[in-house]
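# Secondary and tertiary structure notes
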Amino acid sequence: MTQQYKIALLPGDGIGPEILAVTVEVLNAIAPQFDLQFKFSEALIGGAAIDETGEPLPQETLDACRSSDAVLLAAIGGYKWDTLPRHQRPETGLLGLRAGLELFANLRPATIFPQLIDASTLKREVIEGVDIMVVRELTGGIYFGEPKGIFETETGEKRGVNTMAYRESEIDRIAKVAFETARKRKNKLCSVDKANVLDVSQLWRDRVTQIAKEYADVELSHLYVDNAAMQLIRAPKQFDTMVTGNLFGDILSDEAAMLTGSIGMLPSASLGASGAGVFEPVHGSAPDIAGQDKANPLAQVLSAAMMLRYGLNQPQAASKIEAAVSQVLESGYRTGDIMSQGMQQVGCRQMGDMLLKVLES
Ligand code: IPM
Ligand code: MG
């Protein structure tokens, strides 16, 4: 029997619509091969939503996501909206979506495609074989902690405030996701914090250590975030699964992405305890190249593969997409961001066409 899925599409801003269009074609191409049917519906988020409705996350969008099986998000943001008050910024829409769907667990794999080793700024021997999964806490920490804001002090001077806070229950649930993830990989988990300075990190470390007792088969280590940032560049192969809070995870996942050559290759999955997950590339909206058919659609396409694997439990369809990406790279096709000598440069649409060719052959 054909399995039907309702997928909410959130193209957002910049290169978002271009890379999402390619991804929809890819999904439509594999659907019949696995007896699947996707019912897509598009909704507004980010700058596109601000222009149309005045707010970055209209209630209608949140409702559409809640009533879907999964959400495919492209990218949000752009210069045009950077000076608006915070509640009207595109980023606020994204954070609202994460909070609204309670997507506390963000999985960001940094896996190197052997074909792209020379696109990295690091030496081949350092990065060959890198395969890291960053598990980032996504609905807590300094991104959401109260109090926050810019306040006027008694002297009339302004003071900007954010609060990094975690409850035990928030740490426990992300730690469990991380241990479970590590179990499906190499049974190695590194928890990253700043427990030498921050109380919130001390609690983080204590809870992760406590939860570890339920996962005796997983080898747990702890690193301070500054050291972790250094180790990621020095010897990335020491890492398998990493777990960390919202802000540290934001920073370390960009760093891990660059190990693989281009942030244009990396997908992510944001999951809650139940309900629709959001699947989006780690990269942003790249307004400088938007609308020019230059964008790399592969992180978005690989996000659809993550949707199939982690959101819809269709691992075979996921593997098929991942294999197609690998095959197209093997054939020498590259978008500008991953271009190297001797390869053939293609635009966003043509990269999509190459994928379709492989999938339909
Ligand atoms: C990310 C982005 C977002 C974040 C921004 C756009 C709000 O950098 O998904 O990593 O900081 O979480
Ligand atoms: Mg980021």
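Read on for a plain summary of the structure. Within any chain, residue numbers begin from 1 and follow the written order of that chain's sequence. Here the convention is simple: chains get letters from A, ligands get numbers from 1, in the order in which they are written. With pLDDT at 70 or above as the cut-off, local features in this predicted model cover only qualifying residues; side-chain atom pairs require 80 or more to be listed or tallied, and sums for whole chains, interfaces and linings still use all residues. Hydrogens and water are ignored here; the side-chain numbers use all heavy atoms of the structure.

### Here's the deal with the pairing of strand β5 (residues 131–137)
- Note on classification: 1.4 Å probe, protein chains only; a residue is buried when its accessible area is under 20% of the maximum for its type, exposed when over 50%, partly exposed between these limits. Secondary structure counts use DSSP, requiring at least four H or I residues in a row for a helix and at least two E residues in a row for a strand, with both numbered from the N terminus. Counting buried residues along β5, six of its seven residues qualify, which places the element largely inside the surrounding structure.
- Strand pairing is assigned whenever DSSP identifies at least 2 bridges connecting the two strands. Both strand β4 (residues 105–111) and β5 contribute to a ladder of seven bridges, which runs antiparallel. Across the sheet, the residue bridging to Arg108 is Val134, located in β5.
- For β5 and strand β10 (residues 241–244), the ladder comprises four bridges, and the chain directions are parallel. What sits directly across from Met133, in β10, is Thr241.

### Regarding the side chain of Ser253
- Position of Ser253 among the secondary structure elements: in helix α9 (residues 246–259).
- You can call Ser253 buried: its relative accessible area is 3%.
- Pairs of N or O atoms are called polar contacts if they sit within 3.5 Å, as long as, within protein, a hydrogen donor faces a hydrogen acceptor (for residues adjacent in sequence, only side-chain-to-side-chain pairs). Separated by 3.2 Å, the side chain of Ser253 and the backbone oxygen of Asp250 make a polar contact.

### What to know about the nonpolar core
- Among the nonpolar cores identified, the biggest contains 95 residues, and Phe38, Met265 and Leu308 are the most heavily contacted of them.
- Counting contributing residues per domain, this core is built from domain 1 (1–108 + 266–361) and domain 2 (131–258), each supplying no fewer than three.
- It only takes one pair of heavy atoms within 4.5 Å for two residues to be counted as in contact. Not counting residues up to four positions away in its chain, the partners in contact with Phe38 are Tyr5, Ile7, Leu27, Ala31, Met307, Leu308 and Leu312.
- The nonpolar core is taken to be a set of buried Ala, Val, Leu, Ile, Met, Phe, Trp, Tyr and Cys residues, with the residues joined through side-chain atoms within 4.5 Å. In terms of nonpolar packing, the next biggest core, distinct from the first, is built from 16 residues, Ala8, Ile76, Leu94 and Leu97 among them. The domain limits used here are those given by an automatic or database domain assignment.

Function cannot be read off these values alone, since they describe shape.
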